[in-house]
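For reference, the chains in residue letters:
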Amino acid sequence: MKNKKKPVKATKEKNNSGQYYVVKEETTLLPFLLEEMKGKSRNAIKSVLTRGQIYVDGQSITQHNHPLKPGQRVMTQDNKTAMSEQALVGIEIVYEDEDIIIIEKESGMLSIAGQNQFEVTAHNQLMGYVKRDHPKNRIYVVHRLDKDTSGIMLFAKNEQTKQALQENWKEKVFERTYTAVVEGEVKKNQGTIKSWLTESKTFKMYSSSFDNGGKEAITHYKKIRSNRNYTLLEVNLETGRKNQIRVHMEDLGHPIVGDKKYGAHGNPMKRLGLHATTLVLIHPTTGKKLKFNSKMPKKFATLLKVKEQ
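Every value quoted in this text rests on a predicted model; they were computed, and no experiment measured them.

Here the focus is the nonpolar core. A general tendency of soluble globular proteins is for nonpolar side chains to be buried together. Judged by nonpolar contacts, the single largest core of 32 residues is most densely connected at Ile-101, Ile-103, Leu-126, Phe-155, Tyr-178 and Ile-245. Contributions of two or more residues to this core are made by strand 8 (91-96), strand 9 (100-105), helix 4 (122-131), strand 11 (150-156), strand 12 (173-183), strand 16 (230-237), helix 7 (244-252) and strand 17 (274-282). The biggest single contributor to this core is helix 4, with five residues.

For the rest of this paragraph, the subject is the environment of Ala-301. Relative to the helices and strands, Ala-301 is located in helix 8 (residues 298-308). A residue is classified by how much of its surface remains accessible, and Ala-301, at 30% relative accessible area, is partly exposed. Note: C-alpha distance between Ala-301 and Val-181 (120 residues apart in sequence) is 9.1 Å.

This model, assessed by the stated rule, comprises nine salt bridges. Measuring nitrogen to oxygen at the nearest pair gives 3.5 Å for the salt bridge that ties Lys-38 to Glu-35. A residue is classified by how much of its surface remains accessible, and Lys-38, at 55% relative accessible area, is exposed. A salt bridge links Glu-216 to Lys-194, with the nearest nitrogen and oxygen atoms 3.2 Å apart. A residue pair is termed long-range when its members are at least 10 positions apart, and Glu-216 in strand 15 (residues 215-226) and Lys-194 in strand 13 (residues 190-199) qualify at 22 residues. Among the ionic contacts, a cluster of salt bridges with common partners joins Asp-146, Arg-246 and Asp-259.

A word on the pairing of strand 15. Taken together, the eight bridges between strand 13 and strand 15 define a ladder with antiparallel strand orientation. Bridge assignment links Leu-197 to a residue of strand 15, and that residue is Lys-215. Taken together, the seven bridges between strand 15 and strand 16 define a ladder with antiparallel strand orientation. Across the sheet, Thr-219 pairs through a bridge with Leu-237, a residue of strand 16. In this structure, the hairpin formed by strand 15 and strand 16 is closed by a connection of three residues.

The geometry of helix 1 (residues 29-36) relative to helix 2 (residues 42-50) is characterised by a closest axis approach of 10 Å and an angle of 125° between their N-to-C directions. Comparing the axis directions of helix 1 and helix 2 gives the class oblique. Viewed along their axes, helix 1 and helix 2 form a crossing whose handedness is right-handed. Between helix 1 and helix 2, the residues in contact are Leu-29, Leu-30, Leu-33 and Leu-34 and Arg-42, Ile-45, Lys-46 and Leu-49, respectively.

Okay, the confidence of the model for the protein chain next. For the protein chain, the average pLDDT comes to 87, and 89% of its residues sit at 70 or higher. Within the protein chain, the lowest mean pLDDT, 48, falls on strand 1 (residues 11-15), and the highest, 97, falls on helix 7. Low confidence marks residues 1-9, where pLDDT is under 50. Its contacts with residues over four positions away, or in another chain, come to eight contacts. Taken as a whole, residues 12-16 scores under 50 in pLDDT and shows 14 contacts with residues more than four places along the chain or in a different chain.

Mapped onto the secondary structure, Gln-244 falls in helix 7. Taking the relative accessible area as the measure of exposure, Gln-244 reaches 2% and is therefore buried. Polar contacts involving the side chain of Gln-244 include one to the side chain of Thr-239, which spans 2.9 Å. Residue contacts for Gln-244: discarding those within four places in its chain leaves Leu-197, Ala-217, Ile-218, Thr-219, Leu-237 and Thr-239.

Attention now goes to helix 1. For helix 1, the full list of buried residues reads Leu-29, Leu-30, Phe-32, Leu-33 and Glu-36. Angular distribution of buried residues about the axis of helix 1 spans 160°; they occupy a single face of the element.

Glancing now at the environment of Asn-158. Residue position: Asn-158 is located in the loop between strand 11 and helix 5 (159-167). Residue classification places Asn-158 among the buried residues on the basis of a relative accessible area of 18%. When the C-alpha atoms of Asn-158 and Ile-139 are compared, they prove to be 6.8 Å apart, with 19 residues separating the residues in sequence. Non-local contacts of Asn-158, meaning those with residues more than four positions away in its chain, are made with Glu-98, Asp-99 and Tyr-140. Here the side chain of Asn-158 touches Asp-99 through a polar contact of 3.1 Å, side chain to side chain.

It is worth spelling out the packing of aromatic side chains at this point. Inspection of every chain in the model, using the stated rule, returns two aromatic pairs. Measuring from ring centre to ring centre gives 6.2 Å for Tyr-21 and Phe-32, while their planes differ by 85°; the resulting arrangement is edge-to-face. Here Phe-32 lies in helix 1 and Tyr-21 lies in strand 2 (residues 18-22), a separation of eleven residues in the sequence. Here Tyr-21 matches Phe-32 in class, with each residue buried.

Mapped onto the elements of the fold, Gln-72 is located in the loop between strand 6 (67-68) and strand 7 (73-77). Taking relative accessible area as the criterion, Gln-72 reaches 17% and is therefore assigned buried. Within polar-contact distance, the side chain of Gln-72 engages the backbone nitrogen of Lys-69 at 2.8 Å. Not counting residues within four places of it along the chain, the set of residues in contact with Gln-72 comprises Tyr-21, Val-22, Val-23, Val-56, Asp-57 and Pro-67.

Rules behind the numbers
- Residues numbered from 1 in each chain as written.
- Predicted model: local features only at pLDDT ≥ 70, side-chain atom pairs only at ≥ 80, totals over all residues.
- Heavy atoms only, no water.
- Core = buried A, V, L, I, M, F, W, Y, C linked by side-chain atoms within 4.5 Å.
- Buried < 20%, exposed > 50% of the residue type's maximum accessible area, 1.4 Å probe, protein only.
- Helix = DSSP H or I, 4+ residues; strand = E, 2+ residues; numbered from the N terminus.
- Salt bridge = Lys/Arg side-chain N within 4 Å of Asp/Glu carboxyl O.
- Pairing = 2+ DSSP bridges.
- Axes fitted to C-alpha atoms, helices over the stretch in contact; angles between N-to-C directions.
- Parallel < 35°, antiparallel > 145°, perpendicular 65-115°, else oblique.
- Left-handed = near helix turned anticlockwise from the far one by under 90°.
- Contact = heavy atoms within 4.5 Å.
- pLDDT = per-residue confidence, 0-100.
- Polar contact = N/O pair within 3.5 Å; in protein donor to acceptor, adjacent residues only side chain to side chain.
- Arc of directions from axis to C-beta.
- Phe/Tyr/Trp six-rings, centres within 6.5 Å; stacked < 30°, edge-to-face > 60°.

Below you can see the structure in the form of structure tokens.
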């Protein structure tokens, strides 16, 4: 009688918010979890999957037959962490490890506190979230999104990671792509806007076509679709200045929908037409390339679709 081939065990790694397993051979998610999560019933594991508490390479997966490849990391999130995340307002954690947290921020949520230190922000919510595990835990701001801009945002969980990212930003961050809805029909299919930005005493950014001592700002854009009233643009940042896209869209003659501060005439979506869609970076500790995507808000597509009918 031939001996049955024993399944290849995954490598376990402990994490504050759950258990990591490194996949050793090709399989699918449910059989993998049944093999690794000894002591849990099939129904219990299915429930954990359905609740979105299983992550593959940082992405929440609920499909039982999701394919797994060698080297991928599967995390099982414990109930305590899942409940903690549910208490967050206006933000959702899409990836977390020992060094970084990636969130998706809603429009209207501040990244960090301004003059009002008691206002709810993405930063102070995440600070409270990590302190539940240990009172000395901290969250560090790496970059910011304007209050009315939604989408993907990156935070560091220690000082070393923050410095590694900020001091080597161009080498570590490969892509920052935004989706913007602007007023009017943009004629060119693509283009680049370059100017120097300075900030006034009223915290408004002003653009100059020549070097006036301000900060150089470079924005690339590509038209996705348009009609006579609005244009949907894909926008890539070569530099990351305060209000850069908003100012440059005003320079283009097509201010972002809802952005009265920078020339918009109306606010049909009841929000700013700017969303951080994609972030691609090299992890400052592991050296692994990570890509995070956020779907375009439905209001963006609806606005153009309605106007085209």
